[in-house]
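Now for the letters of each chain:
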Amino acid sequence: MPNAAASRAVAALIAGLSIASSGYAEPATAYASASSQVYRVELSADWSRLTVEACFFEDLPKRLHAGSDEAYKYLEAPGIRHGTQTLAPPQGALSVALESESQTACLQYSVAVRAAADASRREGGTQSGDTLVVSPGLWLWRPAQLPDDALLQFELPQGVNVSAPWPILQRRGNVTQFRLTNTPPSWPARMAIGRFPTHEIAVGGATLHLAILDASPPADDAAVTAWLDEAARAVTTLYGRFPLSQAQLLLTPIGRQPEPVPWGQVLRGGRPAAHLFFDQTRPSREWRNDWTAVHELAHMLLPYISRRDAWLSEGFATYYQNVLRARAGLISETDAWRKLVAGFGRGQRGTRRGISLDDASRAMRRERTFMRVYWSGAAIALLADTQLRQSDAGMSLDEALSRLARCCLPSPRMWTARQAFERMDELTGNDVFVALAEQYRGSDQFPDVDDLLLRLGVIGRGDTLSLDDDAELAPLRRALMRAPPEPPAH
Ligand SMILES: [Zn+2]
């Protein structure tokens, strides 16, 4: 075990030795040779316990933080061992102080991971088969600020996989290495450890790490992979590439459900990750016809937006779930408009006198003002997109989001809608975003799209909806639903 005089070279040695012991004798320098913090995690043979060794080779942190006030419950006695000391966080503690003369140290602790996963399941999480599904916030004790080079290494029994939100550096044999990224410890995330298949989907310059959890009956692996591949490709019709270089996709089959994909979410801890819960007993065309996968992936176009501003994050994902599916040929242009017009109608019906969009967003979960919030945001997206396209050839909401991705994604901080809109105005040399937000956030009126729809040539609604190619803005309408040209290969 390295002592307090450990150096970066020891980090390489640890990683190198563990690889060698699993039968892959590679030069130690190939692994983690320059990490100033290394977290090694092993799973016990009975899958009940994670044993963690955290080594700090520079600047020993003053405190270690967990992501949940329940984490102390699963830390096994005597706590975090630091040489001859042990640190036992009190009940409900989110952090524990480290006192040391030295700037370097290796700490060890064990976590009752099965118990943590069982508790998460009782609180509405999901579990399939033996798979452990658990929040990293329940077991990972780390400094509030991580260096850029922190390494997290899982050493798991043969055939056991891990799915987690952090960028994967490599998988080799039973060892998986992640770059531990610097999002706040409290940001939600979900990881899975178990005997499930993983697939890499290469799309638009990104690698999506897909894990399909085991279930009875099992999901059709190839069909699920094709579904996510298709959804991710639809997102690349926005600006020719995927907004992130990599992402975790965790797919949980949950048996018979009234809908093909009843639930999805994007969690931001570590890196943005999409979680989809689906009925694996249905034919794959039903998942593919469902909007949820494209909606969740479209959330990755924006940074983490404050929940108080849900109209922005949900609105943009809702707008693009229809636009992107039309561009990818998954639905027709007419169908996309039919869905948008129907949604605007639901949003209008959900709009109450005296309740502003900001009020509705803040009370969304409590008051169930989802339709008002989602579709007001989608209407603002349509208004912004058409105004940008009219203001300047080559400008569009796609281009604004492309520039936002280039400047700012992935982002380790939470943004307000105002910050995102100010940045997008700045990046596009406009004031379209802030002006629209000022017009509608404090208003108790649904954003005014009726006149715009007529000018676009979107006539009527439902089964009788038709598109008028002679309308003033018909070319703009067609351009909205058309994929941009393929980017040059490089
Ligand atoms: Zn959403």
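Above this text is the structure in question.
A short tour of the structure in this document, coming up. (Residues numbered from 1 in each chain as written. Predicted model: local features only at pLDDT ≥ 70, side-chain atom pairs only at ≥ 80, totals over all residues. Heavy atoms only, no water.)

Before going further, it helps to spend a moment on the environment of L473. Mapped onto the fold, L473 is located in the loop between β20 (466-467) and α16 (474-480). A sequence separation of 16 residues divides L473 from G457, and the C-alpha atoms of the two residues are 6.9 Å apart. When neighbours within four sequence positions are excluded, L473 is seen to be in contact with Q390, L452, R455 and L456. (Helix = DSSP H or I, 4+ residues; strand = E, 2+ residues; numbered from the N terminus. Contact = heavy atoms within 4.5 Å.)

A separate point is the coordination of the zinc ion. The protein atoms donating to the zinc ion are H295 (NE2), H299 (NE2) and E314 (OE), with metal-donor distances spanning 2.0 to 2.1 Å. Mapped onto the sequence, the residues coordinating the zinc ion show the spacing H-x3-H-x14-E. The class for H295 is buried, based on a relative accessible area of 3%. (Donors = N, O, S within 2.8 Å, 3.2 Å for Na, K, Ca; no water. Buried < 20%, exposed > 50% of the residue type's maximum accessible area, 1.4 Å probe, protein only.)

The sheet built from five strands is open, its strands ordered β14-β15-β16-β18-β17 with mixed pairing. With partners counted over all chains shown, the strands left at the sheet margins are β14 (198-203) and β17 (263-267), one partner each. Each neighbouring strand pair of the sheet contributes to a mean axis angle of 20 degrees, computed without reference to strand direction. When β14 meets strand β15 (residues 206-212), the two strands line up antiparallel, connected through six bridges. Opposite T198, over in β15, you have A211 as the bridge partner. Each of β14, β15, β16 (246-253) and β18 (273-278) touches helix α4 (residues 221-236); the most contacted strand, β14, lies at about 25 degrees to it. (Pairing = 2+ DSSP bridges. Axes fitted to C-alpha atoms, helices over the stretch in contact; angles between N-to-C directions.)

Here we come to the side chain of S443. Its location among the elements puts S443 in the loop between α14 (432-440) and α15 (450-456). Setting aside its immediate chain neighbours within four residues, S443 contacts I355, S356, L357 and R372.

For the structure shown, the criterion picks out 16 aromatic pairs. Ring centres of F154 and F178 lie 5.8 Å apart, and the angle between their planes is 90 degrees; this geometry places the pair in the edge-to-face category. Taken together, the residues F154 in strand β9 (residues 151-155) and F178 in strand β12 (residues 175-179) connect sequence positions 24 residues apart. By relative accessible area, which is 0% here, F178 ends up buried. Ring geometry for F421 and F433: centres 5.1 Å apart, planes at 55 degrees, overall tilted. Residue F421 is located in helix α13 (residues 417-428), and its partner F433 is located in helix α14; the two are separated by 12 residues in the primary sequence. The same class applies to F421 as to F433, namely buried. Put simply, the rings of W139, F154, W166 and F178 pair up and form one aromatic cluster. Stacked on the ring of W415, the Lys or Arg R413 has its end atom at 4.2 Å from the ring centre. (Phe/Tyr/Trp six-rings, centres within 6.5 Å; stacked < 30°, edge-to-face > 60°. Lys NZ or Arg CZ within 6 Å of the ring centre and 35° of its normal.)

These values are about where atoms sit, not about what they do.
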